[in-house]
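Here is how the chains run, residue by residue.
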Amino acid sequence: QVQLVESGGGLVQAGGSLRLSCAASGRTFSSYAMAWVRQAPGKEREFVASISRSGGMTYYADSVKGRFTISRDNAKNTVYLQMNSLKPEDTAVYYCAADKVYKLETDRFSYWGQGTQVTVSS
């Protein structure tokens, strides 16, 4: 089992940048693939990005490709989401998620953090 705690959200102007972090508990972080999923008010959860257990594979939703970068540091039990060129439509609660299986384009993950709010003003 793994527990996840996100941080780094906040208010930023359009065109700005933020870096989200997700700290995982336990000594088995490297055995989990990780992902970021977001949910805007009144909308369903939306897959953002995922990264394999070693970090060798990454995958992005088309809506963030070229602007967001997912990475991980297994020595620090942490996964990151660097968000550049932010747009108002990126406003959402961003959740960190973990699963034993590397998954793409889905919100079906086994473990979730509590979420961190990202607000992009126009």
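Because the structure is a prediction, the values reported are computed rather than measured.

**A short note on the environment of I70**
- Tracing the backbone shows I70 in strand β7 (residues 68-73).
- Residues I70 and A49, 21 residues apart in the sequence, show an inter-C-alpha distance of 6.6 Å.
- The residues contacting I70, other than those within four sequence positions of it, are M34, A35, W36, A49, S50, I51, T58, Y60, V79, Y80 and L81.

**Brief notes about the packing of aromatic side chains**
- Counted by the stated rule, this structure contains four aromatic pairs.
- With 6.0 Å between their ring centres and 45° between their planes, F47 and Y59 make a pair best called tilted. Pair noted here: F47 is in strand β5 (residues 46-51) and Y59 is in strand β6 (residues 58-60), with a separation of 12 residues, a long-range link.
- A residue is classified by how much of its surface remains accessible, and F47, at 5% relative accessible area, is buried.

**Digging into the pattern of salt bridges**
- Evaluated as defined, the whole model comprises six salt bridges.
- One salt bridge connects E46 with R38, and the closest N-O pair in it is separated by 2.8 Å.
- According to the relative accessible area criterion, E46 is partly exposed, its value standing at 31%.
- Put simply, R67 and D90 hold a salt bridge, and the shortest N to O gap is 2.7 Å. Taken together, the residues R67 in the loop between β6 and β7 and D90 in the loop between β8 (78-83) and β9 (92-99) connect sequence positions 23 residues apart.
- Residue D90 is classed as buried on the basis of its relative accessible area of 1%.
- Each member of the salt-bridge network shares a partner with another, and the members are R38, E46, R67 and D90.

**As for the side chain of T78**
- With respect to the helices and strands, T78 occurs in strand β8.
- Taking the relative accessible area as the measure of exposure, T78 reaches 9% and is therefore buried.
- A distance of 2.8 Å separates a polar atom in the side chain of T78 from the backbone oxygen of K76.
- Contacts of T78, omitting those with residues within four sequence positions, involve S21, C22, A23, F29, S71, R72 and D73.

What counts, and where the lines are drawn
- Residues numbered from 1 in each chain as written.
- Predicted model: local features only at pLDDT ≥ 70, side-chain atom pairs only at ≥ 80, totals over all residues.
- Heavy atoms only, no water.
- Helix = DSSP H or I, 4+ residues; strand = E, 2+ residues; numbered from the N terminus.
- Contact = heavy atoms within 4.5 Å.
- Phe/Tyr/Trp six-rings, centres within 6.5 Å; stacked < 30°, edge-to-face > 60°.
- Buried < 20%, exposed > 50% of the residue type's maximum accessible area, 1.4 Å probe, protein only.
- Salt bridge = Lys/Arg side-chain N within 4 Å of Asp/Glu carboxyl O.
- Polar contact = N/O pair within 3.5 Å; in protein donor to acceptor, adjacent residues only side chain to side chain.

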